[in-house]
Amino acid sequence: MARNIIQKIWDEHVVVSKDGFPDVFAIDLHLIHEVTSPQAFEMLREKGLRFHVSGRAVATIDHNVSTAVNRKIATDVGSQKQITALRGNCAEFGVKLMDMDSGRQGIVHVIGPELGLTQPGITVVCGDSHTSTHGAFGALAFGIGTTEVGHVMATGCLLQEKPKTMKVNFVGRMGECVTAKDLILKLISQIGVSGARGYVIEYCGEVVRAMSMDERMTICNMSIECGARAGLIAPDSVTFEYMMGRECAPVGEKWNEAVKYWKSLRSDDGAEYDRVVDVEIDGMAPMVTWGFNPGQGIEVTGSIPKDADAQALDYVRLKAGQAIEGVTVDYVFIGSCTNARLSDLRAAAEIFKNRKVAKGVIVYIVPGSEDVMKQAKSEGLDQIFEGAGALFRNPGCSMCLAMNEDKVPEGKRCASTSNRNFVGRQGKGAITHLMSPIMAAAAAVTGKITDVRKLL
Amino acid sequence: MKNIIKSKIMPLPRADIDTDLIIPADFLTTTDKKGLGEHVFARLRMMEGNFPFNLKKYRDAKILVTRKNFGCGSSREHAAWALKDWGIEVVIAPSFSDIFFSNAMKNGILPIILEEKVVEWIFEEEKEKNGCELEVDLVKQIVKIPGKKDGFAMFAIDSYRKECLLKDMDDMDYLVSQMNEIEKFDKKHAANIFFDTKVL
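Bear in mind that the values here come from a model prediction, so they are computed numbers and not experimental data.

J.: Looking at this structure, how should I read the sheet that holds strand E5 (residues 133-137) of chain B?
T.: Neighbouring strands of a sheet are bound in pairs by backbone hydrogen bonds; such pairs are parallel or else antiparallel. Residues and elements named next belong to chain B. Pairing in this open sheet of seven strands is mixed, and the strands run E4-E3-E2-E1-E5-E6-E7 from one edge to the other. Each edge of the open sheet carries a strand with a single partner, namely strand E4 (110-113) and strand E7 (152-154). On average, adjacent strands in this sheet sit at an angle of 25° to one another, irrespective of strand direction. The sheet contact formed by E5 and strand E6 (residues 142-144) spans three bridges and is antiparallel. For glutamate 135, the partnering residue across the bridge sits in E6 and is lysine 144.

If you want it as structure tokens, here you go:
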């Protein structure tokens with residue numbers, strides 16, 4: 001029977017399938033960070049269990065680490081304790097930790113691919129919902145809770161129910177200044193924040209095939225924002241080219257063997273899906289969210305819907321029918337596992353070049369990893385950002401979830417390249433508008449939500 | 001958990017409640033599972049004086065009733081820990097996010113999916129009578145309003161998950177019991193894993 005790629009990867013990882021029980025499902029790569037792991041390590045100790053295969057796990061610190069220029073660790077005691085705990089736990093259980101200043105620290109979903117750990121056909125989990133990012137390589141990657149983090153540590157497996165599958169086709173051509181971020185925001189606005197609940201998405205079509213790995217990661221990253229368990233893209237030559245030569249990638253004969261296997265990971269002709277969604281992208285403008293969930297997105301040329309949710313309007317202090325362009329911003333955040341890779345910073349730098357940050361606007365540019373930071377500096381992007389009056393910081397999750405000191409103050413409005421505009425996400429009472437890096441840069445230099453195409 | 005939970009409800013007539021709302025990131029800097037209850041819905045409790053979690057009359061409610069897609073967003077299990085620590089044992093909604101649903105079950109919180117019209121009917125009942133008591137029978141898989149004719153609804157639950165809740169069992173027990181199979185699988189499957197962490 002013809003199978004799609006999701007079903008193929010699923011079938012490959014079922015260890016035990018017994019009536020009356022969920023399937024025992026094998027996990028190949030386990031990514032670990034400081035916030036959702038301490039209680040799981042504690043569970044191992046309590047139950048006297050060892051780590052199943054510590055060589056299939058890699059840890060880093062990202063969620064609460066300081067991103068200040070001369071950072072020490074984290075600024076608050078709780079965060080410091082979590083980081084210290086992770087260091088101790090990794091040493092005790094033999095897990096490799098990509099610590100600060102190792103040259104490899106960064107947002108867990110940025111460093112996995114960067115190190116060549118993320119590979120086609122594998123299953124990846126992390127105690128973080130944006131684990132779906134790794135799907136860009138044709139991996140089945142999803143977020144789990146801390147109890148399940150403990151299960152994977154101890155057994156390398158999870159109990160899972162088979163997901164439904166959804167095919168998403170982006171139909172048409174990407175217009176000027178329309179980015180991967182705009183496409184995924186468009187999908188979420190079309191099907192809503194629970195539109196893909198219970199599904200794993202395969203993103204298909206020529207538009208996706210033409211995308212770089214960075215762009216594919218942005219798309220897969222936000223799969224969770226329409227409720228999907230995961231999102232993936234079948235691997236192709238773009239994938240292999242990205243992976244070749246990366247630290248943890250195979251070499252020589254092993255590489256050839258791997259590529260042969262990876263090439264088999266595509267949906268068969270005639271494979272079926274539980275649902276198919278087409279997203280028309282011809283003629284679309286860059287997207288911006290207006291409300292307090294990622295499904296409340298509109299084109300920058302548009303207006304807030306007449307029937308917009310009153311609670312959302314009240315929180316974001318905007319009116320139904322109001323044009324989104326021209327809304328003034330106080331903060332701009334360029335970063336997060338959605339948009340903090342080198343290509344995102346390069347694109348933003350193009351807008352900042354020969355311009356200044358608008359008066360009164362505070363701009364945080366937070367690279368996704370130490371490696372991204374190093375490369376950005378070698379290209380002089382830091383000079384462009386700092387020359388424009390933006391702050392170029394150390395890598396971490398930063399203002400995306402505002403766990404560390406990087407917060408948007410109460411009542412302030414932020415143009416953000418992150419993934420969630422939830423109530424208080426970027427700080428107590430903060431208002432968030434999600435958009436692409438070039439749109440965020442445009443907001444930074446004009447001080448308001450601006451159609452970036454006007455700056456070309 | 002107990003097979004019968006009888007309690008008044010905490011009505012939360014709002015859709016798409018995300019886990020950032022249930023427990024903001026500020027409170028995730030803990031290495032423990034306990035003590036998060038006092039911060040549950042911290043943002044909304046601060047913003048809205050009459051938010052249900054602020055009202056005395058709902059303080060001992062063990063059953064939270066809410067609208068669709070409850071627990072969406074972040075995978076933080078702290079959301080389930082916070083609700084549990086507050087005293088919530090059952091959440092009733094027309095739908096849940098996949099991750100929250102799984103996290104709830106693993107912490108002795110029963111997530112019950114009821115049709116939207118039933119949930120709305122419970123809200124109306126609560127409003128009309130200024131309070132609504134429900135009885136949840138996990139063994140029989142029934143939610144009912146005690147003493148009310150026709151005031152009941154059946155719910156579905158996976159038989160394995162039901163067993164886990166009733167016996168306070170964790171997936172770990174079953175997984176560990178399958179260790180032989182897992183190790184056999186590992187040997188065969190190793191051929192399809194090409195990343196190497198030793199180089200790091």
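J.: Whenever I open this one, the interface of chain A and chain B confuses me. Can you help?
T.: Interface size is often expressed as the accessible area that is lost when the parts come together. Contact with chain A, which involves 88 residues of that partner, is made by 62 residues of chain B. Joining chain A to chain B, the criterion identifies four salt bridges. Residue aspartate 20 of chain B pairs with arginine 425 of chain A through a salt bridge whose shortest N-O separation is 2.8 Å. For the interface between chain A and chain B, the tally reads 26 residue pairs in polar contact (both at pLDDT 80 or more). At seven residues, the largest contribution of residues to the side of chain A that touches chain B is made by helix H5 (residues 146-155) of chain A.

J.: How should I be thinking about the side chain of arginine 71 of chain A in this particular structure?
T.: Residues and elements named next belong to chain A. As for its placement among the helices and strands, arginine 71 is situated in the loop between strand E4 (57-60) and helix H3 (77-93). A polar side-chain atom of arginine 71 sits 3.0 Å from the main-chain carbonyl oxygen of proline 395. Each residue touching arginine 71, except ones within four places of it in the same chain, is listed here: Val65, Ser66, Met100, Gln105, Glu370, Asn394 and Pro395.

J.: Would you mind going over empty space enclosed by the protein with me for this structure?
T.: Leftover empty space is mapped by rolling, across the atoms, a probe with the size of a water molecule. Residue and element names in this part refer to chain A. Under the definition given, this model contains five cavities of 30 Å³ or more. In this structure, the largest cavity spans a volume of roughly 200 Å³. Lining the largest cavity are 22 residues, and of these His63, Asp128, His130, Leu401 and Arg425 lie nearest its centre. Partitioning the lining of the largest cavity into residue classes produces seven nonpolar, 11 polar and four charged. Domain assignment of the residues forming the lining of the largest cavity places at least three in each of domain 1 (5-160) and domain 3 (288-455).

J.: So what exactly am I meant to see when it comes to the state of the cysteines here?
T.: Such a bond, covalent and formed between the sulfur atoms of two cysteines, is termed a disulfide. All names here are of chain A. Per the counting criterion, the structure on display carries zero disulfides over all chains. Cysteine cysteine 337 remains unbridged, with the sulfur of cysteine 400 as its closest cysteine sulfur at 6.0 Å. When its relative accessible area of 8% is taken as the criterion, cysteine 337 is described as buried.

J.: Hey, could you run me through unusual backbone geometry in this one?
T.: Most peptide bonds take the trans form, and the phi angle of most residues other than glycine is negative. Residues and elements named next belong to chain B. Its identity is not glycine, yet phenylalanine 41 carries a phi of approximately 55°, on the positive side. Within the fold, phenylalanine 41 resides in the loop between helix H1 (19-22) and helix H2 (42-47). For phenylalanine 41, a relative accessible area of 0% translates into the label buried. Unlike most non-glycine residues, aspartate 150 shows phi in positive territory, near 65°. Relative to the helices and strands, aspartate 150 resides in the loop between E6 and E7.

J.: What should I look at first to understand the pairing of strand E9 (residues 164-171) of chain A in this one?
T.: Along a regular strand, successive side chains alternate from one face of the sheet to the other. Residue and element names in this part refer to chain A. Looking at chain direction, E9 and strand E10 (residues 199-204) are connected through six bridges and run parallel. Paired with methionine 166 across the bridge in E10 is isoleucine 201. For E9 and strand E12 (residues 275-280), the ladder comprises six bridges, and the chain directions are parallel. Its bridge partner lying in E12, valine 168 is registered against valine 277.

J.: What is the right way to look at the nonpolar core in this model?
T.: What tends to happen in soluble globular proteins is that the nonpolar side chains get buried as a cluster. Ranked by internal contacts, the top residues of the largest apolar core, which has 91 residues, are Val332, Phe352 and Phe385 of chain A together with Phe41, Phe53, Phe70 and Leu83 of chain B. Apart from the residues lying within four places of it in its own chain, the contact partners of phenylalanine 70 of chain B are Ile17, Ile22, Phe41, Leu64, Leu83, Val91, Ala93, Ser95, Phe96, Ser97 and Phe100 of chain B.

J.: It is not clear to me how the packing of aromatic side chains should be interpreted in this structure. Could you clarify?
T.: Following the criterion strictly, the structure yields 24 aromatic pairs over all chains and no others. Clustering of aromatic rings is evident, with ring pairs tying together Phe240, Trp255, Tyr261 and Trp262 of chain A together with Phe194 of chain B. In this structure, lysine 18 of chain A is placed above the aromatic ring of phenylalanine 21 of chain A, and the distance from its NZ or CZ to the ring centre is 5.5 Å.

About the cut-offs
- Residues numbered from 1 in each chain as written.
- Chains lettered and ligands numbered in written order.
- Predicted model: local features only at pLDDT ≥ 70, side-chain atom pairs only at ≥ 80, totals over all residues.
- Heavy atoms only, no water.
- Pairing = 2+ DSSP bridges.
- Helix = DSSP H or I, 4+ residues; strand = E, 2+ residues; numbered from the N terminus.
- Axes fitted to C-alpha atoms, helices over the stretch in contact; angles between N-to-C directions.
- Contact = heavy atoms within 4.5 Å.
- Salt bridge = Lys/Arg side-chain N within 4 Å of Asp/Glu carboxyl O.
- Polar contact = N/O pair within 3.5 Å; in protein donor to acceptor, adjacent residues only side chain to side chain.
- 1 Å grid on protein atoms, 1.4 Å probe; cavity = no way out; pocket = protein on both sides within 12 Å on 5 of 7 lines; lining within 4 Å.
- Points joined across faces, edges and corners; volume = space filled by probe spheres on them.
- Nonpolar A, V, L, I, M, F, W, Y, C, P; charged D, E, K, R; others polar.
- Domains from an automatic or database assignment.
- Disulfide = S-S within 2.5 Å.
- Buried < 20%, exposed > 50% of the residue type's maximum accessible area, 1.4 Å probe, protein only.
- Core = buried A, V, L, I, M, F, W, Y, C linked by side-chain atoms within 4.5 Å.
- Phe/Tyr/Trp six-rings, centres within 6.5 Å; stacked < 30°, edge-to-face > 60°.
- Lys NZ or Arg CZ within 6 Å of the ring centre and 35° of its normal.

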